[in-house]
Amino acid sequence: TDFSPSNHSITFVGDAHINTSSSVFGGSSLKLDGTGDYLTVPDHTDFDWESNFSIDMWVYPTANTVSGDALWSHADASSDGIYVRANSQSGTSWKYAFRAKTSGSNNWEFTTTNYAVPEGQWSHIAVSRSGNTVYMFVNGVAEGSSAVTSTVGDFTNTVEVGHSSNFGGLPLDGYLDEFRISMGIARWTSAFTPPTR
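Residues numbered from 1 in each chain as written. Predicted model: local features only at pLDDT ≥ 70, side-chain atom pairs only at ≥ 80, totals over all residues. Heavy atoms only, no water.

(A) How the structure looks around the layout of surface pockets. Considering only enclosed or pocket space, the largest pocket measures out at about 990 Å³ in volume. Contributing to the lining of the largest pocket are 32 residues, with Thr-1, Asp-2, Phe-3, Phe-179 and Arg-180 lying nearest its centre. The leading source of residues in the lining of the largest pocket is strand S15 (residues 173-183), at 8 residues. Along the lines of polarity and charge, the residues of the lining of the largest pocket split into 18 nonpolar, 7 polar and 7 charged. (1 Å grid on protein atoms, 1.4 Å probe; cavity = no way out; pocket = protein on both sides within 12 Å on 5 of 7 lines; lining within 4 Å. Points joined across faces, edges and corners; volume = space filled by probe spheres on them. Helix = DSSP H or I, 4+ residues; strand = E, 2+ residues; numbered from the N terminus. Nonpolar A, V, L, I, M, F, W, Y, C, P; charged D, E, K, R; others polar.)

(B) Quick peek at the nonpolar core. Ranked by size, the top nonpolar core spans 35 residues in total, and within it Leu-71, Ile-82, Tyr-96, Phe-98, Trp-108 and Leu-176 carry the most contacts. Other than its neighbours up to four places away in sequence, Leu-176 contacts Ser-29, Leu-30, Leu-32, Met-57, Trp-58, Val-59, Leu-71, Trp-122, Val-161 and Gly-162. (Core = buried A, V, L, I, M, F, W, Y, C linked by side-chain atoms within 4.5 Å. Buried < 20%, exposed > 50% of the residue type's maximum accessible area, 1.4 Å probe, protein only. Contact = heavy atoms within 4.5 Å.)

(C) Inspection of the packing of aromatic side chains at higher detail. Within this structure, the stated rule accounts for 10 aromatic pairs. Centroid distance Tyr-60 to Trp-122: 5.5 Å. Interplanar angle 65°. Geometry classified as edge-to-face. Taken together, the residues span a long stretch of sequence, with Tyr-60 in strand S5 (residues 53-61) and Trp-122 in the loop between strand S10 (117-118) and strand S11 (123-130) at a distance of 62 residues. Between the aromatic rings of Tyr-60 and Tyr-175, the centroid separation amounts to 5.3 Å while the plane-to-plane angle is 90°, which identifies the pairing as edge-to-face. A residue pair is termed long-range when its members are at least 10 positions apart, and Tyr-60 in strand S5 and Tyr-175 in strand S15 qualify at 115 residues. For Tyr-175, a relative accessible area of 11% gives the class buried. Connected via pairs of aromatic rings, a cluster forms that spans Phe-47, Trp-49, Phe-53 and Trp-72. One residue, Lys-31, lies across the ring of Tyr-175, its end atom 5.3 Å from the ring centre. (Phe/Tyr/Trp six-rings, centres within 6.5 Å; stacked < 30°, edge-to-face > 60°. Lys NZ or Arg CZ within 6 Å of the ring centre and 35° of its normal.)

(D) Just unusual backbone geometry, in detail. Even without glycine at this site, Asn-7 takes up a positive phi of about 55°. Residue classification places Asn-7 among the exposed residues on the basis of a relative accessible area of 57%. One non-glycine residue with positive phi stands out, namely Glu-178, at about 55°. As for its placement among the helices and strands, Glu-178 is situated in strand S15.

(E) Just a nonpolar patch on the surface, in detail. Where nonpolar side chains cluster on the molecular surface, the patch consists of Ile-10, Phe-12 and Ile-18 and spans about 260 Å² of accessible area. As for its position among the elements, Ile-10 is in the segment before strand S1 (11-13). (Patch = residues over 30% accessible without salt bridge, like charges linked within 9 Å, V, L, I, M, F, W, Y side chains within 5 Å. Areas by Shrake-Rupley, 256 points an atom, 1.4 Å probe, with all protein chains shown as cover. Salt bridge = Lys/Arg side-chain N within 4 Å of Asp/Glu carboxyl O.)

(F) Just the pattern of salt bridges, in detail. This model, assessed by the stated rule, comprises 2 salt bridges. Salt-bridge contacts for Glu-50 lead to Arg-129; the nearest nitrogen and oxygen are separated by 3.6 Å. Within this pair, whereas Glu-50 is found in the loop between strand S4 (38-41) and S5, its partner Arg-129 is found in strand S11, the two being separated by 79 residues in sequence. Look at Glu-50 and you get partly exposed, because its relative accessible area is 27%.

(G) Representation of the environment of Asn-166 within the structure. Looking at where Asn-166 falls in the secondary structure, it is placed in the loop between strand S14 (159-161) and S15. In this structure the C-alpha to C-alpha distance between Asn-166 and Asp-177, which are 11 residues apart in sequence, comes to 23 Å. Excluding anything up to four places from it in sequence, Asn-166 contacts Ala-75, Asp-76, Ala-77, Ser-79 and Asn-157.

(H) Highlighting the sheet that holds S15. Spatially, the 7 strands line up as an open sheet ordered S2-S3-S15-S5-S11-S12-S13, and their pairing is antiparallel. This sheet does not close on itself; its edge strands, each paired only once, are strand S2 (17-19) and strand S13 (141-147). The average angle at which neighbouring strand axes cross in this sheet is 30°, direction not considered. (Pairing = 2+ DSSP bridges. Axes fitted to C-alpha atoms, helices over the stretch in contact; angles between N-to-C directions.)

Shown next as structure tokens:
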């Protein structure tokens, strides 16, 4: 369910479903099995990445996670877009990369460095834009920032959760909980305590 005033339509693709096996809050979460399961939300003028925004969620990667697994994306058919995906592995932990890409260039990008996201447990991941800087956090720890030096355009394809079809799919194997897009506000620009409810 989309709880925003815009009431965006959410479509479950493949075997994506609400599951009670694991969650952070509320007793259930989104379960994806890494084989084409994800959510889609139609493109909308609400999704204007040239203004302040925050995107946060809880993720529980499974032991079957593979390099490239996407947490979310908003992209065009040309493979230009904005997204967060698994980037590199160290043992059973993953580092995630945030990228905003247009015309073959990674306009804003960085990879988590200090904190690797472990498989088999919940971690909070957040990205926020404040003015001309984009920040990324893992469990409230500031992981990196990037200066916004160019526009990334108006992407017109669907927003995808747990997938990025414009970058080859990158289906997530695991759980997602409390996925939230907040437009017009940078919720975090420095270290914080992840939400407790």
